[in-house]
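Coordinate inspection notes
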Amino acid sequence: QVQLVESGGGVVQAGGSLRLSCAASGLTFSSFVMGWFRQSPGKARDFVALISQAGSWTYYLDSLRGRFTISRDNAKNTVYLQMNSLNPEDTAVYYCAAAPRYYDDYQSQRRYDYWGQGTQVTVSS
């Protein structure tokens, strides 16, 4: 069956960096658009970033562009999220997700067929 397994979360001080990874199995990884979402306590799950199947184009939540970078390695069936200049507002559970193709409403969770279990990121002030 399809599995998406996130890793790389943890506790970091404000201003620090983290790199999240999401390893995929059970699907033809290179055929899927991959996304990252995050959910803070008491809030809805929000779109963070998306990368196309070949990695040739990316989209970001406007407020995160310049600090976060999404990338993928199709040979390793892995998608990454590099997060820099972290602040306490970035504290959340981060999820990776897979969609079978690009949709105009790519920020909508319903477009993604598969989800990981999430990894906690905590940014201390």
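These numbers were taken from a predicted model, which means no experiment stands behind them.

Before going further, it helps to examine the pattern of salt bridges. By the definition in use, this model includes five salt bridges. A salt bridge links D62 to R65, with the shortest nitrogen-to-oxygen separation between them at 3.1 Å. Relative accessible area serves as the criterion here: at 49%, R65 is assigned to the partly exposed category. In this structure, D105 engages R111 in a salt bridge whose closest nitrogen and oxygen atoms are separated by 2.8 Å. Taken together, the shared-partner salt bridges connect R38, R67 and D90 into one network.

Another point: the state of the cysteines. For the structure shown, the criterion picks out one disulfide. In this model C22 forms its disulfide with C96; the gap between the sulfur atoms is 2.0 Å. Residues C22 and C96 are joined through a disulfide that is right-handed, its torsion about the S-S bond being 45°. Highlighted residues: C22 in strand 3 (residues 18-25) and C96 in strand 9 (residues 92-99), separated in sequence by 74 residues. C96 carries the same exposure label as C22, and that label is buried.

Formed by 28 residues in total, the largest nonpolar core has its most connected members in W36, V79, L81, M83 and Y94. Looking at this core, the elements with two or more residues in it are strand 3, strand 4 (33-39), strand 5 (45-51), strand 7 (68-73), strand 8 (78-83), strand 9 and strand 11 (119-124). Apart from the residues within four sequence positions on either side, Y94 is in contact with E6, L20, W36, F37, R38, V48, F68, L81, M83, G118, T119 and V121. V33, L50, A97 and Y106 belong to the second largest nonpolar core, which has eight residues in total.

On a regular strand, each side chain points to the face opposite its neighbour's, so the side chains alternate between the two faces of the sheet. With seven of eight residues buried, strand 9 is to be regarded as a mostly interior element. Examined bridge by bridge, strand 4 and strand 9 share seven bridges and lie antiparallel to one another. By the bridge assignment for strand 9, F37 is matched with Y95. Sheet analysis places strand 9 next to strand 10 (residues 114-115), joined by two bridges and oriented antiparallel. Its bridge partner lying in strand 10, A97 is registered against W115.

Rules and cut-offs
- Residues numbered from 1 in each chain as written.
- Predicted model: local features only at pLDDT ≥ 70, side-chain atom pairs only at ≥ 80, totals over all residues.
- Heavy atoms only, no water.
- Salt bridge = Lys/Arg side-chain N within 4 Å of Asp/Glu carboxyl O.
- Buried < 20%, exposed > 50% of the residue type's maximum accessible area, 1.4 Å probe, protein only.
- Disulfide = S-S within 2.5 Å.
- Helix = DSSP H or I, 4+ residues; strand = E, 2+ residues; numbered from the N terminus.
- Core = buried A, V, L, I, M, F, W, Y, C linked by side-chain atoms within 4.5 Å.
- Contact = heavy atoms within 4.5 Å.
- Pairing = 2+ DSSP bridges.

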